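A look at the structure
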Amino acid sequence: GEDVEQSLFLSVREGDSSVINCTYTDSSSTYLYWYKQEPGAGLQLLTYIFSNMDMKQDQRLTVLLNKKDKHLSLRIADTQTGDSAIYFCAERGQAGTALIFGKGTTLSVSS
Amino acid sequence: NAGVTQTPKFQVLKTGQSMTLQCAQDMNHNSMYWYRQDPGMGLRLIYYSASEGTTDKGEVPNGYNVSRLNKREFSLRLESAAPSQTSVYFCASSAGTNTEAFFGQGTRLTVV
């Protein structure tokens, strides 16, 4: 079945880079997504990457996709305390049904 | 721009009570979804509606029913609430089945 795996916790110091990793199973996924959830709030789309791309950069965010290994990563440069949140990796289920989410990575940024 | 609106934001139910969680979107999206979020479990899909007039089960549909009332609204009903249904419920919508999903702010439900 479809599955998305992420590490549960990451702790970094302010100003460092953060790298959040994700593996997925559905090789037919055309889009892969990163969502951010701040405490007590809903999920907001952070960025996404189309499956025919290897990399996408958006300001402090860099997404890397290794389609062969089904591995996705999100790098946040110059991490700030405001980046503390839960980050979810997601892929589309088969036949484009619904997003399948990982369990989320809690990013803690200390000053 | 309201986006996806869920009501209520908080609810406490007694075991066995029923209730309906409401969700409406104003983006003219075709697809709508209900997820639940539990600590350490991430988001799990309960039901989804790929388009108006259709609904399908997700990963954890037991104990729930849904109604796609029209293109804007997708409700989730708990017929007989159980403590295991204590969770945060999120509604989401997307233009199509291969586009990004937009989420509501969530409903925090406690069943005692």
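Because the structure is predicted, anything quoted here is derived from the model rather than measured.

**Section: the sheet that holds strand 8 (residues 71-76) of chain A**
Residue and element names in this part refer to chain A. Read across the open sheet, the 5 strands follow the order 1-3-8-7-6; overall the sheet is antiparallel. Either end of the sheet is taken by a strand with one partner, and the two such strands are strand 1 (4-6) and strand 6 (55-58). Across the sheet, the axes of successive neighbouring strands diverge by a mean angle of 15 degrees, strand direction being ignored. Of the pairings in the sheet, the one linking strand 1 to strand 3 (residues 18-24) comprises 3 bridges and is antiparallel in character.

**Regarding the interface of chain B and chain A**
On the chain A side, the residues contacting the 20 residues of chain B number 18 residues. Roughly 1,600 Å² is buried in total at the junction of chain B and chain A, and carbon and sulfur atoms are behind 53% of that figure. Linking chain B with chain A are 0 salt bridges, by the criterion used here. Our count for the chain B to chain A interface comes out at 3 residue pairs in polar contact (both at pLDDT 80 or more). Mapped onto the side of chain B that touches chain A, the elements with two or more residues apiece are strand 4 (31-38), strand 5 (42-49), strand 9 (87-94) and strand 10 (101-103) of chain B. The element best represented in the side of chain B that touches chain A is strand 5 of chain B, accounting for 4 residues. Residues that form the side of chain B that touches chain A fall into these classes: 9 nonpolar, 10 polar and 1 charged.

**Remarks on the pattern of salt bridges**
Applying the stated criterion across every chain yields a total of 6 salt bridges over all chains. With a closest N to O distance of 3.3 Å, K36 of chain A and E38 of chain A form a salt bridge. Among the residues examined, E38 of chain A registers a relative accessible area of 36% and is labelled partly exposed. Across the pair R44 of chain B and D38 of chain B runs a salt bridge, and its minimum N-O distance is 2.9 Å.

**As for unusual backbone geometry**
Note that the residue after T7 of chain B, namely P8 of chain B, is joined by a cis bond; omega there is -10 degrees. Checked against the element boundaries, P8 of chain B lands in the loop between strand 1 (4-7) and strand 2 (10-13). With a phi close to 55 degrees, Q59 of chain A is a non-glycine residue in the positive phi region. Since its relative accessible area comes to 75%, Q59 of chain A is described here as exposed.

**Some thoughts on the sheet that holds strand 7 (residues 64-68) of chain B**
Hydrogen bonds between backbone atoms are what pair the strands of a sheet, whose relative direction is either parallel or antiparallel. All names here are of chain B. Taken in spatial order, the 4 strands of this open sheet run 1-3-8-7, and their pairing is antiparallel. Strand pairing shows two members of the sheet lacking a second neighbour, strand 1 and strand 7, which therefore form its edges. Averaged over all neighbouring strand pairs, the angle between strand axes comes to 15 degrees, with direction disregarded. Where strand 1 meets strand 3 (residues 19-25), 4 bridges bridge the pair, whose relative direction is antiparallel. Residue Q6 lies in a different strand from strand 3, and its bridge partner there is C23.

About the criteria used
Residues numbered from 1 in each chain as written. Chains lettered and ligands numbered in written order. Predicted model: local features only at pLDDT ≥ 70, side-chain atom pairs only at ≥ 80, totals over all residues. Heavy atoms only, no water. Pairing = 2+ DSSP bridges. Helix = DSSP H or I, 4+ residues; strand = E, 2+ residues; numbered from the N terminus. Axes fitted to C-alpha atoms, helices over the stretch in contact; angles between N-to-C directions. Contact = heavy atoms within 4.5 Å. Buried area = accessible area lost by both parts, 1.4 Å probe. Salt bridge = Lys/Arg side-chain N within 4 Å of Asp/Glu carboxyl O. Polar contact = N/O pair within 3.5 Å; in protein donor to acceptor, adjacent residues only side chain to side chain. Nonpolar A, V, L, I, M, F, W, Y, C, P; charged D, E, K, R; others polar. Buried < 20%, exposed > 50% of the residue type's maximum accessible area, 1.4 Å probe, protein only.

In short, shape yes, function no, at least from these values alone.
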